[in-house]
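# Summary of the model geometry
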Amino acid sequence: MSATQVEILESVSRFLQRSHGLYIDGRWQESTAAGRMAVWNPADGRQIASVADASADDVNRAVNSARHAFESRIWADMLPAIRERVLLRFADLVEQHAEELAQLETLEQGKSIAISRAFELGCTLNWMRYTAGLTTKISGRTLELSIPMPEGARYQAWTRKEPTGVVAGIVPWNFPLMIGMWKVMPALAAGCVIVIKPSETTPLTLLRVAELASEAGVPDGVFNVVTGQGSTCGAALVNHPAVAKVSFTGSTQTGKQIARSAADRLTRVTLELGGKNPALVLKDADPVLVVEGLMTGSFLNQGQVCAASSRIYIEAPLFDRLTADFEQAVKSLKVGPGLDASAHINPVVSLAHQHKIGAFIDEARASGATLLSGDAGPGNGGFYVAPTLVVNPDAGLRLVREEVFGPVINLVRVADAAEGLRLANDTEYGLTASVWTQNLGQALDYSARLQAGTVWINSHTLIDANLPFGGMKQSGTGRDFGPDWLDGYCEEKSVCVRY
Ligand code: NDP
């Protein structure tokens, strides 16, 4: 083993060998379906575990357990300070098992162990504690009224925030633990109960944290995990009549499908969807800051980040200099397994995703586009994709408009900032964007004109628990994070009293 190779913990090996069931009502339960789903290690293409492939009956059992827990009021009526303490204890337990969870995440997802430690655990713990704190900040308003009848009657009113009920959480595969906890924590802080479905590709870490939630004192039935396929288990969950709210993160295509079926019962939905995020580099930008910021903004987690910068528009005077600098930076990246702490770029999540990204690159190559690629990886059966720059791609190429969700970015020369802004906004997506300049006036003007839920100035992709996040246009509806986060998990009730 090389000096930079991480040694697998005993607890991780033991967890992988378990015959994983479904976590329902605070304990492991067998699925009624005989089939199992394999979990693969993207670093070498080998199977590392198997999980249950939940049926609609299993999902029904999980939702009924959650509904029963909600109706018992055991969680919703707990004093907020006690609920907060349980959630803080949950965060402490996740922290105590941080290395185990980080290794599991790297093994099932492929990402660098450094990213698993810093983001899937470090950032997730910040989010967990921030959200736990919101438990004791739930509040309504008192309202003055002017109801004119009967004459002389007086009224007083207030609003209260009440938990919505059973939440269905649907999680993608790019940050399985972090995004999973972005659903579990606000639901639980608001007093709701949750049934969560991780992606079939990356189910392991949520299964492990469900046990830790019970150990922390989350009552049985409040936090349930079902593993299964999107089209069966996922569809059964979001369409269940007892589900009051769906919190979905994933592709725009699946998000629209969920929104359509939710409309039938007016189920509440939050949709965090895809992005094709532009970075607008003005001619006075600091080139060193741009390359440093956009290499991270574009290649973090192999570009499998909804907020990643994937279209970089550069004003003409800086274009050649920045293209050369980006090329040098891309060619310096070492590609290797996530458990090798010295590798900068790691495998993408699955063979299917490797092929999907490959098809975008092949199409660009066939069109005669200039491709500048880095290291292709170890070639050991793992799902590697060389980090690639596509220079001035033809506007008709799919990778100009569609989300690649891989280590592939477009560098585009624009005559001036106005052209850059027009191209940046010429997309059906509106998740994130950035503007790079040293001119304060330009920074403020362009941050207002870029059509995206989050705009960074001289930075890209960095998010925070206290900074609301979500999409404009077809990148979604609703906002996560920030002081108002729990509003998405509460109904606002008006109470009016005559006296
Ligand atoms: P998908 O939409 O394919 O899947 C997301 C989740 O939905 C998975 O758990 C999937 O299950 C499940 N699912 C699939 N079909 C259905 C269905 N009919 N009903 C209910 N659930 C279903 O997205 P990916 O997993 O491929 O994730 C990548 C996408 O997520 C990208 O587009 C990315 O931009 C987006 N994303 C958005 C973020 C944001 O905050 N805006 C953050 C991170 C990612 P299964 O995997 O088992 O099929």
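You'll find the structure just up there.
Structure report, in brief. (Residues numbered from 1 in each chain as written. Predicted model: local features only at pLDDT ≥ 70, side-chain atom pairs only at ≥ 80, totals over all residues. Heavy atoms only, no water.)

### Concerning empty space enclosed by the protein
Any empty space left between the atoms is revealed when a probe the size of a water molecule rolls over them. This structure, assessed with the given rule, holds two cavities of 30 Å³ or more. Each pocket or cavity is described by its volume, and for the largest cavity that value is around 110 Å³. If you go around the largest cavity, you meet 16 residues; those closest to its centre are Gly303, Ala308, Ser310, Phe405 and Gly406. Where the lining of the largest cavity is concerned, the elements lending two or more residues are β13 (309–315) and β16 (408–414). A breakdown of the residues in the lining of the largest cavity according to their chemical character gives seven nonpolar, seven polar and two charged. By volume, the second largest cavity is sized at about 60 Å³. In this structure, the second largest cavity is lined by 15 residues; those nearest its centre are Pro278, Thr427, Tyr429, Thr432 and Gln451. Sorting the residues of the lining of the second largest cavity by element identifies β12 (277–281), α14 (417–425), β17 (429–430) and β18 (432–436) as the ones contributing at least two each. Of the residues assigned to the lining of the second largest cavity, the class counts are seven nonpolar, six polar and two charged. (1 Å grid on protein atoms, 1.4 Å probe; cavity = no way out; pocket = protein on both sides within 12 Å on 5 of 7 lines; lining within 4 Å. Points joined across faces, edges and corners; volume = space filled by probe spheres on them. Helix = DSSP H or I, 4+ residues; strand = E, 2+ residues; numbered from the N terminus. Nonpolar A, V, L, I, M, F, W, Y, C, P; charged D, E, K, R; others polar.)

### A closer look at the sheet that holds strand β6 (residues 155–163)
Pairing is antiparallel across the open sheet formed by three strands, whose spatial order is β5-β6-β22. Each of the sheet's edge strands pairs with one partner strand only, and the pair in question is β5 (142–143) and β22 (490–498). Of the strand pairs in this sheet, β6 and β22 are connected by nine bridges, and their pairing is antiparallel. Across the sheet, Trp158 pairs through a bridge with Val495, a residue of β22. (Pairing = 2+ DSSP bridges.)

### Some remarks on the pattern of salt bridges
This structure, assessed with the given rule, holds 24 salt bridges. One salt bridge connects Asp92 with Arg129, and the closest N-O pair in it is separated by 2.9 Å. Here Asp92, found in helix α3 (residues 80–96), pairs with Arg129, found in helix α5 (residues 113–134); they are 37 residues apart in sequence, far enough to count as distant. Its relative accessible area of 36% is what places Asp92 among the partly exposed residues. (Salt bridge = Lys/Arg side-chain N within 4 Å of Asp/Glu carboxyl O. Buried < 20%, exposed > 50% of the residue type's maximum accessible area, 1.4 Å probe, protein only.)

### Focus: the packing of helix α1 (residues 10–17) against helix α4 (residues 98–109)
Each pair of packed helices can be described by the angle between their axes along with the distance between the axes. It is at 9 Å that the axes of α1 and α4 come closest, and there the two elements cross at 55°. Put simply, α1 runs oblique to α4. The hand of the α1/α4 crossing is right-handed. Here Ser11, Val12, Phe15 and Leu16 of α1 lie close against α4, whose contacting residues are Glu100, Gln103, Leu104 and Leu107. (Axes fitted to C-alpha atoms, helices over the stretch in contact; angles between N-to-C directions. Parallel < 35°, antiparallel > 145°, perpendicular 65-115°, else oblique. Left-handed = near helix turned anticlockwise from the far one by under 90°. Contact = heavy atoms within 4.5 Å.)

### Details of the packing of aromatic side chains
As enumerated under the stated definition, the model contains nine aromatic pairs in all. Judged by centre distance (5.3 Å) and plane angle (70°), the ring pair of Trp173 and Phe405 falls under edge-to-face. Taken as a pair, Trp173 in the loop between β7 (166–170) and α6 (176–190) and Phe405 in the loop between α13 (398–401) and β16 lie far apart in primary sequence, 232 residues in all. One aromatic cluster is present, built from ring pairs that chain together Trp127, Trp182, Phe469, Phe481 and Trp485. The residue whose ring lies beneath Arg73 is Phe70, and the NZ or CZ to ring-centre distance is 5.7 Å. One Lys or Arg, Arg449, reaches over the ring of Tyr446 and ends 5.5 Å from the middle of that ring. (Phe/Tyr/Trp six-rings, centres within 6.5 Å; stacked < 30°, edge-to-face > 60°. Lys NZ or Arg CZ within 6 Å of the ring centre and 35° of its normal.)

### Describing the site of the ligand
Around the ligand lies a shell of 30 residues, among which Val171, Glu200, Ser251, Leu273 and Glu403 are the nearest. With respect to the ligand, the backbone of Val171 contributes an N or O atom lying 2.7 Å from an oxygen atom. Between an oxygen atom of the ligand and a main-chain N or O atom of Gly250, the distance comes to 3.3 Å. Alone, the ligand offers 910 Å² of accessible surface; in the complex the protein occludes 88% of this. Its atoms largely coinciding with the cavity grid, the ligand occupies the largest pocket. Counting only elements with at least two residues in the shell around the ligand, the list comes to α8 (230–238), β10 (243–249) and α9 (252–265). When its residues are assigned to classes, the shell around the ligand shows 14 nonpolar, 12 polar and four charged. (Near = heavy atom within 4 Å. Polar contact = N/O pair within 3.5 Å; in protein donor to acceptor, adjacent residues only side chain to side chain. Areas by Shrake-Rupley, 256 points an atom, 1.4 Å probe, with all protein chains shown as cover. Sits in = over half its atoms within 2 Å of the grid points.)

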